[in-house]
Amino acid sequence: MNQHILEIHDLKRSYGKKVALDGVSLSVPAGGVFGLLGGNGAGKTTVLRHTLGLLAAQSGSVRVFGLDPVADPVGTLARIGYLSENRDLPDWMRIHQLISYSQAFYPNWDPDYAESLRNLFELDPKAFVRSLSRGQRARAGLLVALAHRPDLLILDEPSSGLDPVVRRDILGAIIRTIADEGRTVLFSSHLLDEVERVADRIAILHQGRIQLCARMDQVLSGHSRVQLRFSSAVSHFPPAGIWIHSEGSGHDWSLVAEAGIENIRAEVARLRAEILSVEPMNLDDIFVARTAGKPLAAGVRA
Amino acid sequence: MHIHISTQDGVPIYLQIVRQIRHQVASGILAPGRELPSIRELAEKLLVNPNTVARAYRELETAGLVEKRRTSGTYVAEGPSPLARREKLRVLSERVDGLLAEASQMQVPLEDLVDLLHQRARAFAKKPSLQNPEDHAS
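Residues numbered from 1 in each chain as written. Chains lettered and ligands numbered in written order. Predicted model: local features only at pLDDT ≥ 70, side-chain atom pairs only at ≥ 80, totals over all residues. Heavy atoms only, no water.

### Side note on the overall build of chain B
Part 1 of the reasoning: If you tally the helices and strands in chain B, you get 6 helices and 3 strands.
Part 2 of the reasoning: Listed N to C, the secondary structure of chain B is α-β-α-α-β-β-α-α-α in terms of helices and strands.
Part 3 of the reasoning: When the accessible surface of chain B is split by element, carbon and sulfur atoms take 55% of a total near 9100 Å². (Helix = DSSP H or I, 4+ residues; strand = E, 2+ residues; numbered from the N terminus. Areas by Shrake-Rupley, 256 points an atom, 1.4 Å probe, with all protein chains shown as cover.)

### Some words on helix α1 (residues 13-26) of chain B
Residue and element names in this part refer to chain B.
Part 1 of the reasoning: Here α1 contains 14 residues, and its C-alpha end-to-end distance of 20 Å stays within 8% of the 20 Å for a straight helix at 1.5 Å per residue.
Part 2 of the reasoning: In terms of burial, α1 is largely enclosed, as 10 of its 14 residues are buried.
Part 3 of the reasoning: Following α1 by one or two positions, G28 has its phi on the positive side, about 85°. (Expected span 1.5 Å × (residues − 1). Buried < 20%, exposed > 50% of the residue type's maximum accessible area, 1.4 Å probe, protein only.)

### Quick notes on the interface of chain B and chain A
Part 1 of the reasoning: Taken residue by residue, the interface counts 21 residues in chain B and 24 residues in chain A.
Part 2 of the reasoning: Here chain B meets chain A over a buried area of about 1800 Å², counting both sides, of which 50% is carbon and sulfur.
Part 3 of the reasoning: When the area that chain B buries against chain A is broken down by residue, the three leading residues are B:T7, B:L47 and B:N49, summing to 34%.
Part 4 of the reasoning: Counting across the interface, chain B meets chain A through 2 salt bridges.
Part 5 of the reasoning: The closest approach of N and O atoms between B:R55 and A:D217, which form a salt bridge, is 2.7 Å.
Part 6 of the reasoning: Across the chain B-chain A interface, the total number found is 8 residue pairs in polar contact (both at pLDDT 80 or more).
Part 7 of the reasoning: Looking at the side of chain B that touches chain A, the elements with two or more residues in it are α2 (39-46) and α3 (50-62) of chain B.
Part 8 of the reasoning: Sorting elements by how many residues they give to the side of chain B that touches chain A places α2(B) first, with 5 residues. (Contact = heavy atoms within 4.5 Å. Buried area = accessible area lost by both parts, 1.4 Å probe. Salt bridge = Lys/Arg side-chain N within 4 Å of Asp/Glu carboxyl O. Polar contact = N/O pair within 3.5 Å; in protein donor to acceptor, adjacent residues only side chain to side chain.)

### Digging into the nonpolar core
Taken as a class, soluble globular proteins show a tendency for nonpolar side chains to be buried jointly.
Part 1 of the reasoning: Counting residues in hydrophobic clusters, the biggest one holds 77 residues, and the most contacted among them are A:I174, A:I202, B:I17 and B:I21.
Part 2 of the reasoning: The contact partners of B:I17, leaving out residues within four places of it in the chain, are B:I3, B:I5, B:L46, B:V53 and B:A56. (Core = buried A, V, L, I, M, F, W, Y, C linked by side-chain atoms within 4.5 Å.)

### Re a nonpolar patch on the surface
All names here are of chain B.
Part 1 of the reasoning: On the surface, a cluster of nonpolar side chains totalling about 310 Å² of accessible area is made up of V96, L100, L110 and V114.
Part 2 of the reasoning: Where the nonpolar patch is concerned, the elements lending two or more residues are α4 (81-105) and α5 (110-126).
Part 3 of the reasoning: For L100, the position within the fold is in helix α4.
Part 4 of the reasoning: What makes L100 partly exposed here is its relative accessible area of 36%. (Patch = residues over 30% accessible without salt bridge, like charges linked within 9 Å, V, L, I, M, F, W, Y side chains within 5 Å.)

### Some thoughts on the packing of helix α6 (residues 164-179) of chain A against α2(B)
Part 1 of the reasoning: For the pair α6(A) and α2(B), the least separation of the axes is 9 Å and the interaxial angle reads 160°. With respect to each other, α6(A) and α2(B) are oriented roughly antiparallel. Crossing angle aside, the handedness with which α6(A) passes α2(B) is right-handed. For the pair α6(A) and α2(B), the contacting residues are A:R168, A:I175, A:R176 and A:A179 in the first and B:R40, B:A43, B:E44 and B:K45 in the second. (Axes fitted to C-alpha atoms, helices over the stretch in contact; angles between N-to-C directions. Parallel < 35°, antiparallel > 145°, perpendicular 65-115°, else oblique. Left-handed = near helix turned anticlockwise from the far one by under 90°.)

### A word on the pairing of strand β2 (residues 18-29) of chain A
Residue and element names in this part refer to chain A.
Part 1 of the reasoning: Alignment of strand β1 (residues 4-15) against β2, held across 9 bridges, turns out to be antiparallel. Each residue of the ladder has a partner; that of L11, found in β2, is V24.
Part 2 of the reasoning: Counted along the chain from β1 to the antiparallel partner β2, the turn is 2 residues long, and its residue G16 has a positive phi close to 60°. (Pairing = 2+ DSSP bridges.)

### Regarding the sheet that holds strand β7 (residues 184-189) of chain A
Residue and element names in this part refer to chain A.
Part 1 of the reasoning: Reading across from one edge, β5-β6-β7-β3-β8-β9 is the order of the 6 strands in this open sheet, with mixed pairing throughout. The sheet is open, and its two borders are formed by β5 (80-83) and β9 (209-215), each paired with just one other strand. Taking each pair of neighbouring strands and ignoring which way they run, the sheet shows an average axis angle of 15°.
Part 2 of the reasoning: Here strand β8 (residues 201-206) runs beside β9; their pairing, made up of 6 bridges, is antiparallel. When the bridges of β9 are listed, A203 appears paired with C213.
Part 3 of the reasoning: Of the strands in this sheet, β5 and β6 (152-156) touch helix α5 (residues 134-146), which is tilted by about 170° from β5.

### A short note on the confidence of the model for chain A
Part 1 of the reasoning: With 96% of its residues at a pLDDT of 70 or more, chain A has an overall mean of 89.
Part 2 of the reasoning: The low-confidence segment residues 294-302 of chain A (pLDDT under 50) makes 20 contacts with residues lying over four places distant or belonging to another chain. (pLDDT = per-residue confidence, 0-100.)

### Focus on the side chain of A:R183
All names here are of chain A.
Part 1 of the reasoning: In this fold, R183 is placed in the loop between α6 and β7.
Part 2 of the reasoning: Using a relative accessible area of 9% as the deciding quantity, one classes R183 as buried.
Part 3 of the reasoning: With sequence-adjacent residues up to four places away left out, R183 is seen in contact with G31, G32, R149, P150, D151, T177 and I178.

### Details of the side chain of A:H223
Residue and element names in this part refer to chain A.
Part 1 of the reasoning: Tracing the backbone shows H223 in strand β10 (residues 223-234).
Part 2 of the reasoning: For H223, a relative accessible area of 2% gives the class buried.
Part 3 of the reasoning: A polar side-chain atom of H223 sits 2.8 Å from the main-chain carbonyl oxygen of V219.
Part 4 of the reasoning: Only 3.3 Å separates the side chain of H223 from the side chain of R290, close enough to count as a polar contact.

### Re the packing of α5(A) against α6(A)
Residue and element names in this part refer to chain A.
Part 1 of the reasoning: Between α5 and α6, the least distance of the axes is 10 Å, while the angle of their chain directions is 10°. For the element pair α5 / α6, the angle class is roughly parallel. The residues of α6 that touch α5, namely those facing G135, A138, R139, L142 and L146, are V165, V166, D169, I170, A173 and T177.
Part 2 of the reasoning: Among the residues making up the contact of α5 with α6, the classes are represented as 7 nonpolar, 2 polar and 2 charged. (Nonpolar A, V, L, I, M, F, W, Y, C, P; charged D, E, K, R; others polar.)

Set out below in structure tokens:
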């Protein structure tokens, strides 16, 4: 039960002088949905490409099903379904060709399941891949990723740029994948609403580092927004200790705490301040608090 | 069964499901003996993780509000009325707690709040339009 599908230890990666991953460690347990969050350029795709063995670790290690995906691509890739952010599919094929072509790669390909997905997604077998709409292209990519019933489904920004109907299909596919015999899903996203709906666990990646990695319910219950009034005016209140973010001036400050209510009360008493309110935070606010002070990519709050 | 999930206010999704089913049982919208959708069905309908729905159902089962039957379905418990009464009080307690918290933030003393409650009850009794509109129709 305690088995990890994916283990990444102190992974570092640079492209020239640009540091993409700066010591990333992650464990993805079997049988759940793991959401990798981050703005554009945070390093999400780079993590996923290491997992698929498309990039070799410059330093640190990556193990998928206990194997090195670069040394043993056959042992790992056959058990992984992958939908890339660019949905790179062979444009010159028709849908029925794409299906038989993909089938050849996977010993566990389930033709009946592929056919039922094709029907569900309303993909015309004679249509050329290049003629598909953005949404249909994502569905075709999802069919290829799902039809061999992979142990690990990896989706890179699956809903990016898609309309709500196709997004529902993708979320539905994630849900069915883990409802069926406890498979594992790893997906990256900057759409926090859908991450909060489907992920059991999340990691927030920012500037190549993991800022937070925990169970979703612990993330939500572990953060609070605290409105404070100091007895004498405070000009600077840099985040430290339980406080991970601060905004305000003079007497009134709005702080983000990573602590339970007892700890918050004790800290506030120590600061000789008064609590005006303590409120729960949604994932969106937590994400911003965790990554604030550093430039946020556009679309993060979309 | 209608459940609305919001990811705006920071309330964990399993808790939103628990509260809404509790409320529907307490108010009689979900009658005793009624079968709840399966975990998978509800997860796909609400587009949430099935483990989240399972956790909500477990919590409701522990509270005695729903029961699993051998045929694998989950049903609203055929409990005697004391349970329903306890549930009603529990739902109201949550509301009262919110009211107390707000009053304390606005520094309104408890006595004033109790007076206000009595005053509103009198106003409420005089205005039938404020009462349950369903009673009206019959």
